[in-house]
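Fold and contact review
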Amino acid sequence: MSASNPIRMPPRRSASFDEYAIAEIQRAAATGIYDIRGGGAKRKLPGFDDLLFLGASVSRYPLEGYREKCATNVTLGTRFAKKPIELKIPITIAGMSFGALSGPAKEALGRGATAMGTSTTTGDGGMTPEERGHSKTLVYQYLPSRYGMNPDDLRKADAIEIVIGQGAKPGGGGMLLGQKISPRVAKMRNLPEGIDQRSACRHPDWTGPDDLEIKIQELREITNWEKPIYIKVGATRPYYDVTLAVKAGADVVVVDGMQGGTAATQEIFIEHVGIPTLAAIRPAVQALLDLDMHRKVQLIVSGGIRNGADVAKALALGADAVAIGTAALIALGDNDPKWEAEYQKLGTTAGCYDDWHEGLDPAGITTQNPELAARLDPLKASRRLANYLAVMTMEMQIIARACGKSHVLNLEPDDLVALTVESAAMARVPLAGTSWIPGQGGY
Amino acid sequence: MCGIVGLFTKTPKLQSRLGDYLSSMLIEMSDRGPDSAGVALYRNPTTGGATKLSLFAADPNYAWSTLQGELKKELSDKVTLELRGSHAVVVVHEAFPVIQAWLAQHHPELDIVSAGDTIEIFKEKGLPKDVVDRFDLRHVSGSHALGHTRMATESAVTTEHSHPFSTGMDLCLVHNGSLSNHNRLREKLKRQGIQFKTDNDTEVGAGYLAWRLREGDTLEEALTNGFRDLDGFYTFAIGTRDGFAVVRDPIACKHAVLAETDDWVAMATEYRAIAVLPGADHANIWEPKPGTIYAWNHA
Amino acid sequence: MTLLDLSSITLRELNSRLQSVAAGSNERDFTVTNPEGAHSIAVGLTQPIHVTVEGHTGFYCAGMNQQAEILVKGHVGPGVAENMMSGRVHVTGNASQAAGATGQGGMLVIEGSAASRCGISMKGIDIVVGGSVGHMSAFMAQSGALVVCGDAGSSLGDSIYEARLYVAGSVESLGSDCVEKQMTQHHKEKLQRLLDQARIKADVKRFRRYGSARKLYNFHVDNVDAY
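Residues numbered from 1 in each chain as written. Chains lettered and ligands numbered in written order. Predicted model: local features only at pLDDT ≥ 70, side-chain atom pairs only at ≥ 80, totals over all residues. Heavy atoms only, no water.

Considerations on the overall build of chain C
Rules: Helix and strand assignments follow DSSP, with helices taken as H or I runs no shorter than four residues and strands as E runs no shorter than two, numbered in order from the N terminus. Both definitions apply: the radius of gyration is a C-alpha atom measure, and the globule rule equals 2.2 Å times residues to the power 0.38. Relative accessibility under 20% of the residue-type maximum defines a buried residue, over 50% an exposed one, and the middle range a partly exposed one, all with a 1.4 Å probe and only protein chains included. Residues are treated as being in contact if the distance between any of their heavy atoms lies within 4.5 Å. Note that accessible areas follow from Shrake-Rupley with a 1.4 Å probe, and for residues the cover is restricted to the protein chains shown. Residues counted as positive are Lys and Arg, residues counted as negative are Asp and Glu, and His and the chain ends are not counted. In this description, the location of a charge corresponds to atom NZ of lysine, CZ of arginine, CG of aspartate or CD of glutamate.
In terms of helices and strands, chain C carries two helices and eleven strands. Going residue by residue from the N terminus, the α and β elements of chain C occur as β-α-β-β-β-β-β-β-β-β-β-α-β. In terms of overall dimensions, chain C is globule-like: its C-alpha atoms have a radius of gyration of 18 Å, near the 17 Å expected for 227 residues. Residues classed as buried in chain C amount to 62% of the 227 residues present. Taking as baseline every contact in chain C between residues at least 6 positions apart, the subset at least 24 positions apart corresponds to 26%. For chain C, the accessible surface area stands at approximately 8000 Å², while carbon and sulfur atoms represent 47% of it. Considering chain C, the positive charge centre built from 20 side chains and the negative charge centre built from 21 side chains are found 7 Å apart.

Right, dumping it as structure tokens:
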């Protein structure tokens, strides 16, 4: 209000310079360092919520629950490995390091996954004896840093996952800040305690799929050709990446979308590099189809999987399985409202806490602080994870049965429609109520 | 991503075995290049103002003899044509721009794969051993040659997308690696009048060199300018009328090995391609330094 | 002595044979002929056996070696002794790039020269090079020692942690946070032991020591040019 303008104008916030953008500029000016956090992309993106299943009607028939089986098992690594991996459910636990996570958290993941007949994955830092002990099926990551890498652990693993990138930071390397480089973590990684770990973004001894082919051969020679070799990429150019992974000799390809979490990286990396999970699946599957490798080289999709509907949609679009990271941590107890008072002290609130790099997690999951870590009871937490995995499995079976499928892998794109033009184009399914698939042609 | 090989003969006695040795080298690189293969052979120099072209026809039943007849009638009474697989080596006693214009007008279905006095490029989809057989390369003689096996990274797998790419008269390029700024560079080169047939990054590298050479750079100057203007990881082998050059980008992640004896100089992405050559065991073997141009020429 | 000829057996047969030597077995000496640049020769060995490779190898020779002593009479391709845990790898010729990459223990000796990225990300291995090393050597080197009797290429020890570098010849340039350090009697003795163990003759007085300035251990905005 002013003398010339009698109307009270509401304060108007800029859409570009919104609250967050302004605060971030002020923070950058004050500190001189980029913002680092954990988790995956938080902004609104085209995703699985934009897709809907077409349940049975007059032209299709549903399966009865319980009596009429809807199977959920999947086999990974059938292409070259002597010992492929049999999973009871098509949901695996994604790679997360001991270092990023506390010991009790890794134990809980191992126990919970084992209870449900699925696998866990090590992370950037190596394999701990506890994790190998608690996980019946363990995938061992082979990363650019090679922290803790050794042939004994390679042979103890059930599968080897060569990490080229992850959805939160495709093109970036690992990050672990000093507050989480505890004595044990430092020893495992061969680093001085308390320093900020700088990480390589490329593998030290190979570059490109032609050299990767030789590296895969070496790993197979070291492990007697027994173990499936996965290749994990962050979602950017999934058609080419999956094609090249197959040509280099992969048994399984893992594609991680931008909603995929990390323990720590720059905020701008998470939000501005990489594509949404939904946009990555059809190109990845198309690459497999074009090489006649669909279902022969298995595809695991990750990045923001939350519930059985998400799993069912990923499978319908052509994935063989999904991996969960962030969701698994939430199931264990991450961001639980019971710690609200502590979240407030950290300047945040339950459901928003993502400064996992600081190692101050009240839930005891993304920390190396022994007192905080002790708050997580691994047995109880493992039960929670198993419950969550069971619910997701039942949810996907409910959907699959409603679509007339006796195996969840029989879900297909024809069972889906989309609510928006973007999601229809990305998933290559029609807009609901129409036969229009925007942008057909191209891949 | 790919395998590249190169062989330069220092003594005449090796020239009759050039195709045979190069074929063996190429086949050793099959694992890292299963999609397509190609070779550039330098042999049988033309004389008296004639131009040699390597032409590709997509139609497997192409009427090459009819073409030969037309060329004789329209351009020059001295025309030879030798068929090799899907390609034909044609020698016409006429300047290249005239031939190029005539072909563009009368036979746009033909692709001019190479042109010059001595160069012959043959390239095709398929495994190296199949490409060797189809072009009957084992029996070819010549003074030097380059070869390439391809694992396509981003562009399609077609004959036109295969390497070597010809950059100018008697000039060709093979590449292992991946350029990262080729798209904008392609647009800039188009505006300079360089023509492209594919969306392949290597073709941009080849076009860039052709442009620099056209602007008056020596090959060495062109490659030095390339360190500044080309971004990405690359090992290049460039064929010239008299020899070949090898260069790696300044970061140099894509492996390359050079070897030399009294009889030959060879280059390959992996040593095992050089191991097939006579005397390889005792050759002088070294790795090219990054950002450094290595070149050999017949005097 | 057991002869294994790669021109008549497969790589899998070769490695399988070498990997399955029983602990305490009397069969301790092996010779591999006709390597012809093959990759992954003698990888993943676990017993203290002796393997001699007669000729040049491809990538990853002696990868992830444990306890074995592997002698290559020739040149080796990229990644020789990568991620070696213990034992010894000795190359009479030259090594290609990433020699000893991410090695955690044992000793790698290269009588000739090594190309770029020698000792990249090393985690405890000792590497002794009779000739020179290429650019980006000891990149992100965490621990262990790299001894270079010749020259070092550009960006030596970029982003180095606690590894120690000894170079007798010239250093084209030092990488981020890598600085020259004092050569005390203790370091000279340590260097002499490494040279003796490598059976390479060199005068310790010619060497200079390089290591981490430790300024990049915790991020500080004033270091932003180094990134």
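The discussion continues.
Overview of the side chain of Asn15(C)
Considering the arrangement of structural elements, one finds Asn15(C) in helix 1 (residues 11-19). Among the residues examined, Asn15(C) registers a relative accessible area of 0% and is labelled buried. Filtering out sequence-adjacent residues up to four positions away, Asn15(C) remains in contact with Glu221(A), Ser40(C), Ile41(C), Ala42(C) and Val43(C).

Overview of the packing of helix 6 (residues 209-222) of chain A against helix 7 (residues 238-248) of chain A
Residues and elements named next belong to chain A. Formally: Axes here refer to lines fitted to C-alpha atoms; in helices the fit is confined to the stretch in contact. Angles between the N-to-C directions go from 0 to 180 degrees. Geometric relationships in this document are graded by angle, where less than 35 degrees denotes roughly parallel, more than 145 denotes roughly antiparallel, 65 to 115 denotes roughly perpendicular, and other angles denote oblique. Note: crossing handedness is left-handed where the near helix turns anticlockwise from the far helix by less than a right angle, and right-handed where it turns clockwise.
Between helix 6 and helix 7, whose axes approach to 8 Å, the crossing angle comes to 40°. Here helix 7 runs oblique to helix 6, going by the angle between their axes. The way helix 6 lies across helix 7 gives a crossing that is right-handed. Where helix 6 approaches helix 7, its residues Pro209, Leu212, Glu213 and Ile216 are matched on the opposing element by Leu244, Lys247 and Ala248.

Details of the packing of aromatic side chains
Each pair of aromatic rings is reported with the distance of its centres and the angle of its planes. Residues and elements named next belong to chain B. What counts, and what does not: Ring pairs shown here join Phe, Tyr and Trp side chains whose ring centres sit within 6.5 Å, with only the six-membered ring taken for Trp; geometry is labelled stacked below 30 degrees between planes, edge-to-face above 60, and tilted in between.
Within this structure, the stated rule accounts for eleven aromatic pairs over all chains. Ring geometry for tyrosine 62 versus tryptophan 64: centroids 4.8 Å apart, planes at 65°, classification edge-to-face. The interplanar angle of 35° and the centroid separation of 5.3 Å between the aromatic rings of phenylalanine 122 and phenylalanine 135 together place this pair among those described as tilted. Taken as a pair, phenylalanine 122 in strand 7 (residues 119-125) and phenylalanine 135 in the loop between helix 4 (128-134) and strand 8 (144-150) lie far apart in primary sequence, 13 residues in all. For phenylalanine 122, a relative accessible area of 0% gives the class buried. Three or more aromatic residues link up through ring pairs in this structure, and these residues are Phe8, Phe244, Trp286 and Trp296.

Quick word on the interface of chain B and chain A
Operational definition: A 1.4 Å probe defines the accessible area here, and the buried area is the portion of it lost by two parts on being joined, summed over both. Throughout this description, the term salt bridge denotes a Lys or Arg side-chain nitrogen within 4 Å of a carboxyl oxygen of Asp or Glu. Note on residue classes: Ala, Val, Leu, Ile, Met, Phe, Trp, Tyr, Cys and Pro are nonpolar, Asp, Glu, Lys and Arg are charged, and everything else, Gly too, is polar.
Of the residues lining the interface, 16 residues belong to chain B; the matching set on chain A comes to twelve residues. Of the roughly 1200 Å² buried between chain B and chain A, counting both surfaces, carbon and sulfur atoms make up 53%. Its largest share of buried area at the contact with chain A, chain B owes to Arg32(B), Met151(B) and Glu154(B), together 39% of the area lost on that side. For Arg32(B), the salt bridge goes to Asp211(A), with nearest N and O atoms at 2.6 Å. Class assignment for the residues of the side of chain B that touches chain A results in eight nonpolar, two polar and six charged.

As for the sheet that holds strand 1 (residues 2-5) of chain C
Sheets are built from strands that pair by backbone hydrogen bonding, the pairs being arranged parallel or antiparallel. Residue and element names in this part refer to chain C. Rule in force here: At least two bridges found by DSSP between two strands are what make those strands a pair.
Taken in spatial order, the eleven strands of this open sheet run 1-2-3-4-5-6-7-8-9-11-10, and their pairing is mixed. Both edges of this open sheet fall to strand 1 and strand 10 (178-181), since each of them pairs with a single strand only. Sheet twist, expressed as the average angle between the axes of neighbouring strands with direction ignored, equals 15°. Where strand 5 (residues 88-91) and strand 6 (residues 107-110) come together, four bridges link them in parallel fashion. Bridge pairing in strand 6 links valine 91 to isoleucine 110. Packed on one face of the sheet, helix 2 (residues 185-198) meets strand 5, strand 6, strand 7 (123-129), strand 8 (143-148), strand 9 (164-167) and strand 11 (208-212) and runs near 75° to strand 9.

Observations regarding the side chain of Arg282(A)
All names here are of chain A. Where we set the bar: Any pair of nitrogen or oxygen atoms within 3.5 Å is treated as a polar contact; in protein, a donor-acceptor pairing is required on top of that, and neighbouring residues in sequence qualify only through side-chain atoms on both sides.
Along the polypeptide, arginine 282 turns up in helix 9 (residues 277-290). The side chain of arginine 282 sits in the buried core without any salt bridge; aspartate 414 is the nearest counter-charge, 9.5 Å away. Within the structure, the side chain of arginine 282 is placed 3.4 Å from the backbone oxygen of arginine 428, a separation counted as a polar contact. If near-sequence neighbours (up to four positions away) are discounted, arginine 282 is found in contact with Leu317, Pro413, Met426, Ala427, Arg428 and Val429.

What to know about helix 9 of chain A
Residue and element names in this part refer to chain A. Stated formally: Expected helix span is taken as 1.5 Å per residue step, with the number of steps being one fewer than the number of residues.
With 14 residues, helix 9 should cover 20 Å at 1.5 Å per step; its first-to-last C-alpha distance of 21 Å lies within 8% of that length. Of all the 14 residues making up helix 9, twelve are buried; the element is thus mostly covered by neighbouring parts of the structure. Immediately beyond the C-terminal end of helix 9, within one or two residues, lies aspartate 292, with a positive phi of roughly 55°.

Some details on the interface of chain A and chain C
On the chain C side, the residues contacting the 39 residues of chain A number 37 residues. Summing the contributions of chain A and of chain C, the shared interface buries around 3100 Å²; its carbon and sulfur component is 54%. Together, Asn190(A), Arg198(A) and Glu221(A) form the three largest contributors to the area buried by chain A at its contact with chain C, with a combined 24%. Seen at the junction of chain A and chain C, the total is three salt bridges.

With respect to unusual backbone geometry
Residue His163(B) is joined to Pro164(B) through a cis peptide bond whose omega torsion reads 5°. Examined against the element boundaries, Pro164(B) turns out to sit in the loop between strand 8 and strand 9 (165-168). Phi is positive for Asn34(C), close to 55°, though the residue is something other than glycine. Even without glycine at this site, Ala98(C) takes up a positive phi of about 60°. Here Ala98(C) shows up in the loop between strand 5 and strand 6.

Here we look at the environment of Ser143(B)
Residues and elements named next belong to chain B. Looking at the secondary structure, you find serine 143 in the loop between helix 4 and strand 8. By relative accessible area, serine 143 is classed as buried at 17%. Sequence separation between serine 143 and phenylalanine 8 is 135 residues; the distance between their C-alpha atoms is 6.5 Å. With residues near it in sequence (within four places) discarded, serine 143 still touches Phe8, Thr9, Gln15, Leu18, Tyr42 and His298.

Some remarks on the confidence of the model for chain C
Rules: Along the chain, pLDDT gives the predictor's confidence residue by residue, from 0 to 100.
Of the residues in chain C, 97% reach a pLDDT of 70 or more, and the chain-wide mean stands at 95. Predicted complex, confidence summary: ipTM 0.95, pTM 0.93.

What about helix 7 (residues 219-229) of chain B?
Residue and element names in this part refer to chain B. Counted only if it meets this: Directions are taken from the helix axis to each C-beta atom, and the arc is the one they span.
Every buried residue of helix 7 is accounted for by Ala222, Leu223, Asn225 and Gly226. End-on view of helix 7: buried residues confined to an arc of 160°, all on one side of the axis. The outward face of helix 7, more than 90 degrees from its buried face, is lined by the exposed residues Glu220 and Arg228. The inward-facing, buried residues of helix 7 abut helix 6 (201-214), strand 11 (232-239), strand 12 (243-248) and strand 16 (293-297).

What about the environment of Thr78(A)?
All names here are of chain A. Position of threonine 78 among the secondary structure elements: in the loop between strand 3 (74-76) and strand 4 (85-87). With 227 residues separating them in the primary sequence, threonine 78 and isoleucine 305 have C-alpha atoms 25 Å apart. Residues within four places of threonine 78 in sequence aside, it is in contact with Pro84, Arg295, Lys296 and Gln298. Polar contacts involving the side chain of threonine 78 include one to the main-chain carbonyl oxygen of lysine 296, which spans 3.3 Å. Within the structure, the side chain of threonine 78 is placed 3.0 Å from the side chain of glutamine 298, a separation counted as a polar contact.

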